[in-house]
Structure formats: structure tokens, C-alpha cells
Amino acid sequence: MTSDVTRWAMFLRGINVGGHRKIPMADLRTVVAEVTGDAGVKSYIASGNVVFVADQPEAHLRTALSSRIADVFGFDVPILLQSAAQMRAVLAACPCPEEKGNLAYAYLCFDDPVIDEAGVNALRASSESVTAKGRVVWLHAPDGVGRSKLGAKLEQLIGVKATARNLNTVRKMVEMLDG
């Protein structure tokens, strides 16, 4: 590898949900290693969170990974890549960094969000908050994301495709990237 090696976090959108679009993590790690040449690929839980090292540009990686995943698993999967520095910035932008990790969610957007403020305000409970910074929209739902009417509809209200991860996952991915 060249000196331009980057540590990457990869997030797959919409896999292993309700028994659909199944991708075993061991198989996904193998695919990522084939594409990147990194023998030390790591995954976290079964929702398509992967950390790897590569010396290829982001656009090339995304295309190569997407193509290989489709070839191996038989379906297209939206892929979001974030460098270690980008993931540290995501975590640093969390509006409630001391909160329990299952009560705050980062919606990692594929494009710049265009938030429907009226829609957010119509569904937001008084305890909830939505904070946007760049291509990340944070939902803080201290009464539980599962109970949140806003949480159920937030992706529609941010106007772009996104993949959501709770604060626990964001913390763990940064830890893996820095480890």
C-alpha cells in the first residue's frame, strides 16, 4: 500500500432487517478484504458496519465494493463510507455525548439533508431534539427511540436517503477506527 492509506468506516443500508437482504458478516469481511487488500477487516454487529484500511479513493472504493457485494449477494446495497476523521467529527457533533447510547441516533446522510422543519415539529415530543451538522442529523429521544413518532418518520423528513446508527455504534466504530 502507498503512504495515502486511509482507515474507513463502511455502513450498509437496509441489510439483515427482518430476515431480508441477508449478508453474513464473515462473508462481508471477506468481500471487503478482496476489494481493499486489507486482511484485517473488522465488522461490528450484523447491520453492515465495517472498518478497513485502503489506499484507494472513496469513489473508487464505493463503486468496487458495491459491485462486488451485488455480485456475491445478488442485490444492490447503498454504501456510505466515512474516513476515520469524518467519523470522529460525527461523534464530536453529537449534541448529547453523555447520553445512554441507545437514546441518540446519527442519521448518516448520502446527500445534504433538506429538513422539513414543520414535519419535525409536528411529530417531535417535547423531550426530543433534532440537530443537523453537515450530512449528519442527530435525533435525541430521551424517552426511547422506539417510542418516538419522530424517530419512525425522521428519514422521510430529512429529505434524503440515510442510514441510522445509535450512539453506541458510532462510539464503537470510532474506537475500532482508532484502535
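Residues numbered from 1 in each chain as written. Predicted model: local features only at pLDDT ≥ 70, side-chain atom pairs only at ≥ 80, totals over all residues. Heavy atoms only, no water.

A. How the structure looks around the sheet that holds strand β3 (residues 49-54). Ordered in space as β2-β3-β1-β4, the four strands form an open sheet in which the pairing is antiparallel. Where the open sheet ends on each side, the last strands, each with one partner, are β2 (42-44) and β4 (79-83). Looking at each pair of strands side by side, their axes are set apart by 25° on average, direction ignored. The pairing of β2 with β3 spans three bridges and is classified as antiparallel. Residue Tyr 44 lies in a different strand from β3, and its bridge partner there is Asn 49. (Pairing = 2+ DSSP bridges. Helix = DSSP H or I, 4+ residues; strand = E, 2+ residues; numbered from the N terminus. Axes fitted to C-alpha atoms, helices over the stretch in contact; angles between N-to-C directions.)

B. Spotlight on helix α5 (residues 149-158). Within the span of α5, buried status applies to Leu 150, Gly 151, Leu 154, Leu 157 and Ile 158. The arc enclosing the buried residues of α5, seen along the axis, measures out at 110°, which places them on a common side. Projecting away from the buried face of α5 at angles above 90 degrees are the exposed residues Lys 149, Ala 152 and Gln 156. Lining the buried residues of α5 we find β5 (104-109), α4 (117-123), β6 (129-133), β7 (136-140) and β8 (162-166). Sitting at the amino-terminal end of α5 is Ser 148, which places a side-chain oxygen 3.2 Å from the backbone nitrogen of Leu 150. Gly 159, located one to two residues past α5, shows a positive phi value of around 75°. (Buried < 20%, exposed > 50% of the residue type's maximum accessible area, 1.4 Å probe, protein only. Arc of directions from axis to C-beta. Contact = heavy atoms within 4.5 Å. Polar contact = N/O pair within 3.5 Å; in protein donor to acceptor, adjacent residues only side chain to side chain.)

C. Representation of the packing of helix α3 (residues 84-92) against helix α6 (residues 167-178). Contact geometry for α3 and α6: axes closest at 10 Å, N-to-C directions at 145°. Regarding α3 and α6, the two cross each other, and that crossing is left-handed. Where α3 abuts α6, its residues Ala 84, Met 87, Arg 88, Val 90 and Leu 91 lie against Leu 167, Val 170, Arg 171, Met 173, Val 174, Leu 177 and Asp 178. Looking at the contact of α3 with α6, its residues break down into nine nonpolar, no polar and three charged. (Left-handed = near helix turned anticlockwise from the far one by under 90°. Nonpolar A, V, L, I, M, F, W, Y, C, P; charged D, E, K, R; others polar.)

D. Quick peek at the nonpolar core. Residues Met 10, Leu 12, Ile 23, Leu 28, Phe 52, Leu 65 and Ile 69 are the most contacted members of the largest nonpolar core, which totals 22 residues. Taken together, the elements giving at least two residues each to this core come down to β1 (6-12), α1 (25-36), β3, α2 (58-73) and β4. Here the element with the most residues in this core is α1; it accounts for five residues. Those residues in contact with Leu 28 that sit more than four places away from it in its chain are Met 10, Leu 12, Ile 23, Gly 48, Val 50, Ile 69 and Phe 73. By size, the runner-up hydrophobic cluster in this structure holds 21 residues, among which are Cys 94, Cys 96, Val 136 and Trp 138. (Core = buried A, V, L, I, M, F, W, Y, C linked by side-chain atoms within 4.5 Å.)

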